[in-house]
Amino acid sequence: MDEFNYLLVLVLFMLFVTVFMDMISLFMVKKGSVDIEDYATAVLKWPKVILLVIFGIIMLYYAFTTQATALTLVAELVSGVLVIADGIIGIIIKAKYGKKK
């Protein structure tokens, strides 16, 4: 069972890092150092944004269906919501600006 807990922590960390990296990219777009069309076509890929939403839903489902400590529950809920928000923002940007020229 300990291996499962370590795997869960690793997945939570990787999803959090993914959201953090996307936030940095969006900040660079907002700052003007990266063009949003280039970001939408080169960085955002449909499988990535769809998988982010799916993983976020899985995290929320997992948070509500397992008996975990309060700290783990909060981490799962926050990670799930952040990943879903990142996926939705990615879908919006990809749909609006991701058309190839």
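Okay, so let's go over this structure. Quantities reported herein were computed from a predicted structural model and do not represent experimental measurements.

The subject of this paragraph is the overall build of the protein chain. Scanning the protein chain for helices and strands turns up four helices and zero strands. For the protein chain, the N- to C-terminal ordering of α and β elements is α-α-α-α. Across its three principal axes, the protein chain shows a C-alpha extent of roughly 50 × 20 × 20 Å. Considering the protein chain as a whole, with its 101 residues, one finds that 26% of them fall into the buried category. Within the protein chain, counting contacts between residues at least 6 apart in sequence, those at least 24 apart form 78% of the total. In the structure as shown, the protein chain presents an accessible area of about 7,000 Å², 75% of it carried by carbon and sulfur atoms. Within the protein chain, the 8 negative side-chain charges are centred at a point lying 15 Å from the centre of the 9 positive side-chain charges.

What follows deals with the packing of helix H3 (residues 46-65) against helix H4 (residues 70-97). It is at 8 Å that the axes of H3 and H4 come closest, and there the two elements cross at 155°. With respect to their mutual orientation, H3 and H4 come out roughly antiparallel. Like other packed secondary-structure pairs, H3 and H4 cross with a definite hand, here left-handed. Of the residues that constitute the contact of H3 with H4, the class distribution is 19 nonpolar, four polar and three charged.

Our focus in this paragraph is a nonpolar patch on the surface. A surface patch of nonpolar side chains, amounting to about 590 Å² of accessible area, comprises Trp46, Ile50, Leu51, Ile54, Phe55, Ile58 and Ile91. If you tally residues by element for the nonpolar patch, the top one is H3, at six residues. Here Ile91 lies in helix H4.

Next up on the list: the nonpolar core. With seven residues, the main nonpolar core is built from Leu8, Leu12, Leu15, Val19, Leu52, Met59 and Val83. Elements supplying a minimum of two residues to this core: helix H1 (2-31) and H3. With four residues, the single largest contributor to this core is H1. When neighbours within four sequence positions are excluded, Met59 is seen to be in contact with Leu8, Leu12, Leu15, Glu76 and Gly80. Val29, Tyr39, Ala40 and Leu44 belong to the second-largest nonpolar core, a separate cluster that totals six residues.

A few words now on H4. Spanning 28 residues, H4 covers 40 Å between terminal C-alpha atoms, matching the ideal 40 Å at 1.5 Å per step. Among the residues making up H4, those that are buried are Glu76, Ser79, Gly80, Val83, Ile84, Asp86, Gly87, Gly90, Ile93 and Lys94.

Moving on, we come to the environment of Val81. With respect to the helices and strands, the residue Val81 is situated in helix H4. It is 9.3 Å that separates the C-alpha atoms of Val81 and Val53, two residues lying 28 residues apart in sequence.

Definitions and cut-offs
- Residues numbered from 1 in each chain as written.
- Predicted model: local features only at pLDDT ≥ 70, side-chain atom pairs only at ≥ 80, totals over all residues.
- Heavy atoms only, no water.
- Helix = DSSP H or I, 4+ residues; strand = E, 2+ residues; numbered from the N terminus.
- Buried < 20%, exposed > 50% of the residue type's maximum accessible area, 1.4 Å probe, protein only.
- Contact = heavy atoms within 4.5 Å.
- Areas by Shrake-Rupley, 256 points an atom, 1.4 Å probe, with all protein chains shown as cover.
- Lys, Arg positive; Asp, Glu negative; His and termini not counted.
- Charge placed at Lys NZ, Arg CZ, Asp CG, Glu CD.
- Axes fitted to C-alpha atoms, helices over the stretch in contact; angles between N-to-C directions.
- Parallel < 35°, antiparallel > 145°, perpendicular 65-115°, else oblique.
- Left-handed = near helix turned anticlockwise from the far one by under 90°.
- Nonpolar A, V, L, I, M, F, W, Y, C, P; charged D, E, K, R; others polar.
- Patch = residues over 30% accessible without salt bridge, like charges linked within 9 Å, V, L, I, M, F, W, Y side chains within 5 Å.
- Salt bridge = Lys/Arg side-chain N within 4 Å of Asp/Glu carboxyl O.
- Core = buried A, V, L, I, M, F, W, Y, C linked by side-chain atoms within 4.5 Å.
- Expected span 1.5 Å × (residues − 1).

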